[in-house]
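Results of the structural survey
Residues per chain, in single letters:
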Amino acid sequence: MTLVKIRSIRAREILDSRANFTLEVEVTTDSGRYSAGVPSGASRGRYEAVVLDADAAAANVNKRIASELKGKNPANQAEIDHLLIDLDGSRDKSNLGANAITGVSMAICRAGAASQKLPLYQYIEKFSRLPMSGKLPRPVFNMINGGVHATNVLDFQEFMVAPQANSVKKSLQIASDIYQKLRKKLGKNVGDEGGFAPPIHFPEEAIELILTAAKDLGLQKSIKIAVDAAASQFYREGKYKTGMGVFTREGLLNYYAELIKKYPIIFLEDPFHEEDWPGFTSITKQFGKKISIIGDDLLVTSPRRVKEAKEKDACNGLILKVNQIGTVSETVEAAGLAQSMGWKIIVSHRSGETNDDFIADLAVGLGADFLKAGAPARGERVAKYNRLLKIEEEFNY
Ligand code: PGA
Ligand code: ZN
């Protein structure tokens, strides 16, 4: 195999699904051009790597990063990611920008896969060397949106359907049937991730709407429910302030206990504020054997925070988002740690997305348990599910 080298790297600004500018990074090698679109979050964790304005981040790629990586072999992902981290030199990627670094790291990964003539998921599987890699994750679909992703009064951010099907195709069928049924009832007002945003107050109402739709379709046994409370967003001065009332940590825990008892919940994401370690530890102690307690803002895909959470027994599952930490290598490291501890791994989109489908390959390559990419509708969301469908097809042939 002839050695492929990076010839040039260029970033341009493109629109994301919220009409904000974001980056698309294009890596040109001896064998072709490989690009990556950078997503962006709205309910960002405090400890996430720092995002710069798109124009400043693009300038950093074009003026500072491109010349450093010219001539390198794109298949050396770890070496390139470390170079990016060193070049940035900060703890939180605030010098070059997490968006600049993420876009370069992802586009390099695509170029590396192509240089080895492998599909992206196989390439990630090969270099990540995780024991579980190569299995197909189950998709989870956003059906009802609240929190900062919608204009309604629902405090919890996401109510999702996790189809209990043994193929991606069947999962998509179940999700789209439920989505269509909900659309007839709830109209077309949707949140950032494509889930409906009806004027409801209570999480129970959202869950009941989904379960009723599933029941009407005879699908009640084919699904489980997943919830992302995104509790950092409604935490103020030591209290959880919601439209249902003000909760203490214990009060909120009791409320979750009722939901977990009453409904077929498979995982609960960010039930407490990103610094409320005792809240996380107590819910994991009480319910960690029954459901997965997932850290998103809590962990920010950071190997350091994953280790801290393990020491505190604060959760037993990890949301994985490349742009929370900034490089593919650090994302793989966080996934490896989580897997070695027997945690569930959920590879996730962001609320602001592009049509890039990188995360579908990442989820397969790492052997993640779930892929969370929003509603089974809207181009930027279905791009990921449709890519997973194609990978499933490759698995079956
Ligand atoms: P974000 O939300 O992309 O706006 O951060 C997604 C999530 O909290 O899971
Ligand atoms: Zn979340």
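Now for a look at the structure at hand.

The rules behind each value
Residues numbered from 1 in each chain as written. Chains lettered and ligands numbered in written order. Predicted model: local features only at pLDDT ≥ 70, side-chain atom pairs only at ≥ 80, totals over all residues. Heavy atoms only, no water. Helix = DSSP H or I, 4+ residues; strand = E, 2+ residues; numbered from the N terminus. Rg over C-alpha atoms; globule rule 2.2 N^0.38 Å. Buried < 20%, exposed > 50% of the residue type's maximum accessible area, 1.4 Å probe, protein only. Contact = heavy atoms within 4.5 Å. Lys, Arg positive; Asp, Glu negative; His and termini not counted. Charge placed at Lys NZ, Arg CZ, Asp CG, Glu CD. Donors = N, O, S within 2.8 Å, 3.2 Å for Na, K, Ca; no water. Near = heavy atom within 4 Å. Polar contact = N/O pair within 3.5 Å; in protein donor to acceptor, adjacent residues only side chain to side chain. Areas by Shrake-Rupley, 256 points an atom, 1.4 Å probe, with all protein chains shown as cover. 1 Å grid on protein atoms, 1.4 Å probe; cavity = no way out; pocket = protein on both sides within 12 Å on 5 of 7 lines; lining within 4 Å. Sits in = over half its atoms within 2 Å of the grid points. Nonpolar A, V, L, I, M, F, W, Y, C, P; charged D, E, K, R; others polar. Domains from an automatic or database assignment. Expected span 1.5 Å × (residues − 1). Pairing = 2+ DSSP bridges. Axes fitted to C-alpha atoms, helices over the stretch in contact; angles between N-to-C directions. Salt bridge = Lys/Arg side-chain N within 4 Å of Asp/Glu carboxyl O.

A tally of helices and strands in the protein chain yields 13 helices and 14 strands. Against the 2.2 N^0.38 benchmark of 21 Å for 397 residues, the protein chain shows a C-alpha radius of gyration of 20 Å, consistent with a compact globule. The burial tally for the protein chain puts 60% of its 397 residues in the buried class. Sequence-distant contacts in the protein chain: of pairs separated by 6 or more residues, those separated by 24 or more amount to 70%. Averaged over its 53 positive side-chain charges, the protein chain has a centre that lies 4 Å from the centre of its 49 negative ones.

Listed as protein donors to the zinc ion (ligand 2) are Asp 228 (OD), Glu 269 (OE) and Asp 296 (OD); their distances from the metal cover 2.0 to 2.2 Å. Mapped onto the polypeptide sequence, the residues donating to the zinc ion (ligand 2) form the spacing pattern D-x40-E-x26-D. On the criterion of sequence distance, the pair formed by Asp 228 in strand E6 (residues 223–228) and Asp 296 in the loop between strand E11 (292–295) and helix H9 (303–311) is long-range, its members being 68 residues apart. For the pair Asp 228 and Asp 296, one class covers both residues: buried.

Close contacts around ligand 1 come from 14 residues, with Ala 42, His 149, Gln 157, Arg 350 and Ser 351 the closest. Glu 269 places a side-chain nitrogen or oxygen 3.1 Å from an oxygen atom of ligand 1. In this structure, Asp 296 approaches ligand 1 through a side-chain N or O atom, which is 3.0 Å from an oxygen atom. Summarising the interface, the protein chains cover 100% of the accessible area of ligand 1, which totals 280 Å² for the free molecule. Most atoms of ligand 1, that is more than half of them, are within 2 Å of grid points of the largest cavity. Split into classes, the residues belonging to the shell around ligand 1 amount to one nonpolar, five polar and eight charged. Shared between two domains, the shell around ligand 1 holds at least three residues of each, these being domain 1 (6–117) and domain 2 (128–396).

On to helix H7 (residues 249–262). The terminal C-alpha atoms of H7 lie 20 Å apart, and with 14 residues this matches the ideal 20 Å at 1.5 Å per residue to within 8%. Buried within H7 we find Leu 252, Leu 253, Tyr 255, Tyr 256, Ala 257, Leu 259 and Ile 260. Those residues of H7 hidden inside the fold are in contact with helix H6 (203–216), strand E8 (239–242), strand E9 (245–247), strand E10 (265–269) and helix H8 (277–287).

Turning to the sheet that holds strand E13 (residues 344–348), a few remarks are in order. Taken together, eight strands build a closed barrel; the order of strands is E4-E5-E6-E10-E11-E12-E13-E14 and the barrel is mixed. Strand after strand, the sheet turns through a mean of 30° between neighbouring axes, direction not considered. Taken together, the four bridges between strand E4 (residues 138–145) and strand E5 (residues 158–163) define a ladder with antiparallel strand orientation. Looking at E5, one finds that Asn 142 is bridged to Met 160.

So, about the sheet that holds strand E7 (residues 235–236). Two strands in a sheet stick together by hydrogen bonds in their backbones, pointing the same way (parallel) or opposite ways (antiparallel). The three strands lie next to each other as E7-E8-E9, forming an open sheet whose pairing is antiparallel. Since the sheet does not close on itself, it has two edges, and those belong to E7 and E9, each with one partner. With three bridges connecting them, E8 and E9 associate as antiparallel partners. When the sheet's bridge partners are listed, Lys 241 is paired in E9 with Val 246.

For the structure on display, the rule yields 20 salt bridges. Of the charged contacts, one joins Lys 372 and Glu 269 as a salt bridge, the two residues approaching to 2.7 Å between their closest N and O atoms. You can see Lys 372 sitting in strand E14 (residues 370–372) and its partner Glu 269 sitting in strand E10, a full 103 residues away along the chain. Across this residue pair, the class does not change: Lys 372 and Glu 269 are buried. In this structure, Lys 384 and Glu 353 form a salt bridge, with 2.8 Å as the shortest nitrogen-oxygen distance. Within this pair, whereas Lys 384 is found in helix H13 (residues 379–396), its partner Glu 353 is found in the loop between E13 and helix H12 (358–366), the two being separated by 31 residues in sequence. Glu 353 carries the same exposure label as Lys 384, and that label is buried. Beyond isolated ion pairs, a larger network of salt bridges with shared partners links Arg 12, Glu 24, Glu 26 and Arg 33.

In short, shape yes, function no, at least from these values alone.
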